[in-house]
Amino acid sequence: MRVRLVDATVISEPASKGTNWRVHLGYNLQHDAIDHIELTDVKGGETLTRFSIQPGEIVVGDRGYAHRRGLHSVIKTGGDFLVRLNWNTVPLQTCDGKKFDLFKSLQGLKDAEPGDFAVQSAPSKRDGIPPIKGRLIAIRKTAEATKAARLKIKRISSKKGQHTDKRTFETAEYVFLFTSVDSSQASAQALLDLYRFRWQIEIAFKRMKGLLNLGELPIKDPDLARTYLYAKLLAALILQDLTEVYLGFSPWGFNFP
């Protein structure tokens, strides 16, 4: 299976307190290289429909990509997905169409032992999306990680002045993954290990921002800003090609034998 990582990063204009632009990135894990770049304004959200997924590929994304329309688009092309879930992001059912009781299923989980549940997404009649069969993989976090996650939830709730559902605090103790990869192809633990590689795309963004100042947008004019950002992204691809072609040369500072 070929593994592709996807993610997006936000860019703000001078004096802006929000998001003005997004860079959507596809990353080929096998070749350790960027294979897709798309620049959008703030209206361009994260979705798997942006990427051309081929049969035999598995696309790995964070919680921003856990939406039925995007997941269905991957399945239609013959690919597979592995995405992180919040407990209430995608409504889940048992394989016979009944409501899946997440909290009851979590009761039997032991520390450091992943749960693997056969599920399907609930169909969306409005969008014409049928049930998407897959697996819900869940594993309990460490006490330290759980504490940090709950503190983050409290900070966000306080900042927004919103009441947080107690189930959000309860599920902060777990990591949830939803995947279409069959259990005969990969175990729950193997997929949890695979998901950790998603950080490679985060590292790619950090390189682009650190070495090319991609995150620093000095202009507000939309046309100039777009041209400026395209130039930065083109530079990133050129440097990637140079790294691959010329042994001993690395714009990222690596030392080759």
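This section reports on the structure supplied with the text. Remember, predicted model here, so these are calculated numbers, not experimental data.

The next point concerns the sheet that holds strand β2 (residues 21–28). Strands sit in the order β3-β2-β1-β4-β5-β9-β8-β7-β6 across an open sheet of nine strands; the sheet is mixed. Looking along the sheet, the strands with just one partner apiece sit at the ends: β3 (33–41) and β6 (92–93). Taken together, the eight bridges between β2 and β3 define a ladder with antiparallel strand orientation. Considered in β3, the bridge of Asn-28 is made with Ala-33. Seen against the sheet, helix α1 (residues 68–76) touches β4 (57–61), β5 (80–85), β7 (115–121) and β9 (174–179) and runs at an angle of roughly 160° to β5. On the sheet, helix α5 (residues 188–196) packs against β1 (2–11), β4, β5, β7, β8 (133–140) and β9 and is oriented at approximately 75° with respect to β8.

With that settled, consider unusual backbone geometry. We note that Ala-15 has phi near 70°; this positive angle belongs to a residue other than glycine. In this structure, Ala-15 sits in the loop between β1 and β2. A positive phi is found at Ala-112, a non-glycine position, where the angle reads about 65°. Note on placement: Ala-112 falls in the loop between α2 (102–106) and β7. Given a relative accessible area of 61%, Ala-112 falls into the exposed group.

A separate point is the nonpolar core. Of all hydrophobic cores here, the largest spans 36 residues; its most connected members are Leu-82 and Met-208. The contacts of Met-208, once residues within four sequence positions are left out, are Leu-25, Ile-34, Asn-213, Leu-214, Leu-233 and Ala-236. The next biggest cluster of nonpolar side chains, apart from the first, holds 28 residues, and it includes Phe-100, Leu-102, Phe-117 and Val-119.

Under the criterion given, the structure shown has five aromatic pairs. With a centroid separation of 5.3 Å and 55° between ring planes, the pair formed by Phe-81 and Phe-178 is classed as tilted. Residue Phe-81 is found in strand β5, and its partner Phe-178 is found in strand β9; the two are separated by 97 residues along the sequence. Just as Phe-81 is buried, Phe-178 falls in that class too. Residue placement shows Arg-198 over the ring face of Trp-199; its charged tip is 5.5 Å from the ring centre.

So, on to the pattern of salt bridges. Scanning the entire structure with this criterion turns up 14 salt bridges. Two residues, Glu-173 and Arg-140, come together in a salt bridge whose shortest N-O distance is 2.6 Å. Linking Glu-173 in the loop between α4 (166–171) and β9 with Arg-140 in strand β8, this pair joins segments that are 33 residues apart in sequence. Here the residues in one salt-bridge network are Arg-2, Arg-4, Asp-35 and Glu-57, joined through shared partners.

This brings us to the side chain of Arg-135. Within the secondary structure, Arg-135 sits in strand β8. Side-chain polar atoms of Arg-135 contact the backbone oxygen of Asp-182, separated by 3.4 Å.

Across the seven residues of β7, five count as buried, placing the element largely inside the fold. Taken together, the six bridges between β7 and β8 define a ladder with antiparallel strand orientation. By the bridge assignment for β8, Gln-120 is matched with Lys-133.

Here the focus is helix α3 (residues 143–160). End to end, α3 covers 26 Å across 18 residues, agreeing with the expected 26 Å (1.5 Å per residue, within 8%). Of the surrounding elements, those touching the buried residues of α3 are α4. Just past α3, the residue Gly-161 takes up positive phi, approximately 65°.

The next thing to look at is the side chain of His-24. Relative to the elements of secondary structure, His-24 occurs in strand β2. Residue class for His-24 comes out buried when judged on its relative accessible area of 0%. Of the polar contacts made by the side chain of His-24, one reaches the side chain of Thr-40; its length is 2.9 Å. A distance of 3.4 Å separates the side chain of His-24 from the backbone oxygen of Gly-44, its partner in a polar contact. When neighbours within four sequence positions are excluded, His-24 is seen to be in contact with Asp-7, Ala-8, His-36, Ile-37, Glu-38, Thr-40, Gly-44, Gly-45, Glu-46 and Arg-50.

The rules we used
- Residues numbered from 1 in each chain as written.
- Predicted model: local features only at pLDDT ≥ 70, side-chain atom pairs only at ≥ 80, totals over all residues.
- Heavy atoms only, no water.
- Pairing = 2+ DSSP bridges.
- Helix = DSSP H or I, 4+ residues; strand = E, 2+ residues; numbered from the N terminus.
- Contact = heavy atoms within 4.5 Å.
- Axes fitted to C-alpha atoms, helices over the stretch in contact; angles between N-to-C directions.
- Buried < 20%, exposed > 50% of the residue type's maximum accessible area, 1.4 Å probe, protein only.
- Core = buried A, V, L, I, M, F, W, Y, C linked by side-chain atoms within 4.5 Å.
- Phe/Tyr/Trp six-rings, centres within 6.5 Å; stacked < 30°, edge-to-face > 60°.
- Lys NZ or Arg CZ within 6 Å of the ring centre and 35° of its normal.
- Salt bridge = Lys/Arg side-chain N within 4 Å of Asp/Glu carboxyl O.
- Polar contact = N/O pair within 3.5 Å; in protein donor to acceptor, adjacent residues only side chain to side chain.
- Expected span 1.5 Å × (residues − 1).

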